[in-house]
Amino acid sequence: MTTSILLENVTKEFTLRYHRTFKEVTVAKARGVKTSDRFNALEDVSFKVEAGESIGLMGLNGSGKSTLLKMINGVMRPDNGTLLTRGRIAGLIATGAGFHPQLSGEENLVLNAAILGMSERELKRKYDDIVAFADLGRTLEAPVGHYSSGQRARLGFAVAVHVDSDIFLADEVLAVGDKPFRAKCMKKMMEIRDSGRTLVYVSHSPASVEKMCSRVIVLEKGRLGFDGEPKAGIHYLEYDTPDSDNEITDDEMGNDI
Amino acid sequence: MTDIATDDLSRNPEDIPLKPPSADNGLFAVFQRHYLLRLLVQREISARYQGSFLGLMWSYINPLTQFFIYWFVIGFLFQLHKDLPNFPIHLFSALILVHFFNETFGAGTRSIMRNKALVVKMAMPREMFPVATMLVSLYHVVPQVVVLVIACVLSGWTPDAVAVVCLVLALLIIAAIGLSGALLFSAANVFFRDFGNIVNVLTNFVRFGVPMMYPYAMVHDRFGRFADYYLLNPLADAVVLFQRAFWVPTISDAEMAELEARGDVIMPDNLLTHGFVALAFCLVLLAFSQWVFSRLENKIPERL
């Protein structure tokens, strides 16, 4: 097996700034109040993902999932430790990542594809497929600023799944789509998984993680809490115990992520 | 999954090296991804005059009105440079470069902030944005040069080979120094918005630091042997080079003889040497800016 993603003691530190202006900083310093604070969004995280594995990345809000995904994507760099990946990376980090509200859907589609690393030739070949998958009809000609969050997600997802990648990242992609589109996305993601690509799937939905993933990594306040079987991971997070006060389950809320 | 099986995946996975996902950054990576760069430049150009009726015409109107203001105040009200042949061409050729630099520097500094959404979420060389701004500014230089060439031809322009070298050299100097300023300040602007205001202050000086409203001959006359220090400013070099390309070839032999008789030094000695040294300096500055940018870049996404 070949290693697809390798993390060794990865730490990412964020600086919290309480005061920004000269006046505020001077006043704070005079009073002896801290002007900034540091905290570790990720602390000493190490794991290894083999090519073709599908990883469910779970954790409570603010546990560092998105930061980790951004680092794997190459948007952020770790402050300490090493993070290595093999091959091209594509995927969606938050819905409709980086769309330009004034540009039309078509223009954004082209730009987004280029940002994800498609060449002109590749895009020409896949353009019709992407448009068909997004299934937005004439809305595609309107500025993205007028899109609903679901429509944005459709467009973003359509582009991302058509990029030839070795690693596919998915974060909160399906949360806003309607049911038919969610089903289509799940199918596509399973295809991606079965085609031997590495999949990193961030989700709060135990059902979809169990269905999609062969391994679960749980982050807890920036640290690696659990790494292993999906069922055990979900149990570790206590996502399998139904909430006694609120009997509404994931499926009833229609919340896939 | 026929659409996924392509050249990229048919490679043996072992052949692809394990590397940091953010490795391919820097100015070289920007030009490797020329398709994306082209799209960004196109987007900027179409976005700049979006919703405007006159559109690209503004690229002509803006510098032309500036030109007429300067010409009216300096040439007509102050009655300066009456003895300088074709002063309007002298003025306009300088104005084009000043405009090019200020646009690159100013808009380039704001470029990272303006493209926040992309910078925070997508992995791409962030130098892309300052570079795209520079290219957009360069694109807007073209119509202005067209106007200038028409004016030059009407005034009896007889360019030589040196003029062409000077033209290219001048544009390269401005592009390099504008881009390095944009790189430095766009990254700094993320941390403190003050840098955007500093740029506004700096660009105010540019008009006076180059021989635009006054001829180089005046600098030579007043500064004497210190005139060489004036030429340490790469912007001044670029402007003088540009005037060598456009303004000097419009001066007739009789006018030239008159200027020489008066002892006016309209162009510095060893102009091309000055130009090449200035370009080399700007390229070093660009390398330095890239180095600073790479160091600051690490913290950009979390500060935006």
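Residues numbered from 1 in each chain as written. Chains lettered and ligands numbered in written order. Predicted model: local features only at pLDDT ≥ 70, side-chain atom pairs only at ≥ 80, totals over all residues.

Our next topic: the sheet that holds strand E9 (residues 223-228) of chain A. Residue and element names in this part refer to chain A. Read from one edge of the open sheet, 6 strands run E5-E6-E7-E3-E8-E9, paired in mixed fashion. Each edge of the sheet is formed by a strand with only one pairing partner; in this case those strands are strand E5 (89-93) and E9. The sheet shows a mean angle of 15° between the axes of neighbouring strands, direction not considered. In this sheet, strand E7 (residues 198-202) lies alongside strand E6 (residues 167-171) in parallel orientation, the contact comprising 5 bridges. Each bridged residue has a counterpart across the sheet, and for Ile-167 the counterpart in E7 is Thr-198. (Pairing = 2+ DSSP bridges. Helix = DSSP H or I, 4+ residues; strand = E, 2+ residues; numbered from the N terminus. Axes fitted to C-alpha atoms, helices over the stretch in contact; angles between N-to-C directions.)

This part takes up the interface of chain A and chain B. Across the boundary between the two partners, chain A contributes 36 residues, which contact 29 residues of chain B. Residue assignment for the side of chain A that touches chain B shows that the elements contributing at least two residues are strand E1 (3-17), helix H2 (65-73), strand E4 (80-86), E5, helix H3 (105-115) and helix H4 (120-134) of chain A. Considered class by class, the residues forming the side of chain A that touches chain B number 17 nonpolar, 11 polar and 8 charged. By the bridge criterion, 2 bridges tie E4(A) to strand E1 (residues 18-19) of chain B in an arrangement that is antiparallel. Its bridge partner lying in E1(B), Thr85(A) is registered against Lys19(B). (Contact = placed C-beta atoms within 7 Å. Nonpolar A, V, L, I, M, F, W, Y, C, P; charged D, E, K, R; others polar.)

Further remarks concern unusual backbone geometry. Phi at Asn9(A) takes a positive value of approximately 50°, unusual for a residue other than glycine. Even without being glycine, Asn270(B) reaches a positive phi, approximately 50°. By the secondary structure assignment, Asn270(B) is in the loop between helix H13 (253-262) and helix H14 (271-297).

Counting along an α-helix, one turn takes 3.6 residues, and residues three or four places apart therefore face a common direction. All names here are of chain B. With 28 residues, helix H5 (residues 87-114) ought to run about 40 Å at 1.5 Å a step, and its terminal C-alpha atoms sit 39 Å apart, in line with that. At Gly-108, H5 is deflected by roughly 30°, the largest bend along its length. With respect to burial, H5 is a largely interior element, 23 of its 28 residues being buried. (Expected span 1.5 Å × (residues − 1). Bend = angle between axes of the 7 residues up to and from the residue. Buried ≥ 20, exposed ≤ 12 C-beta atoms within 10 Å, placed from the backbone.)

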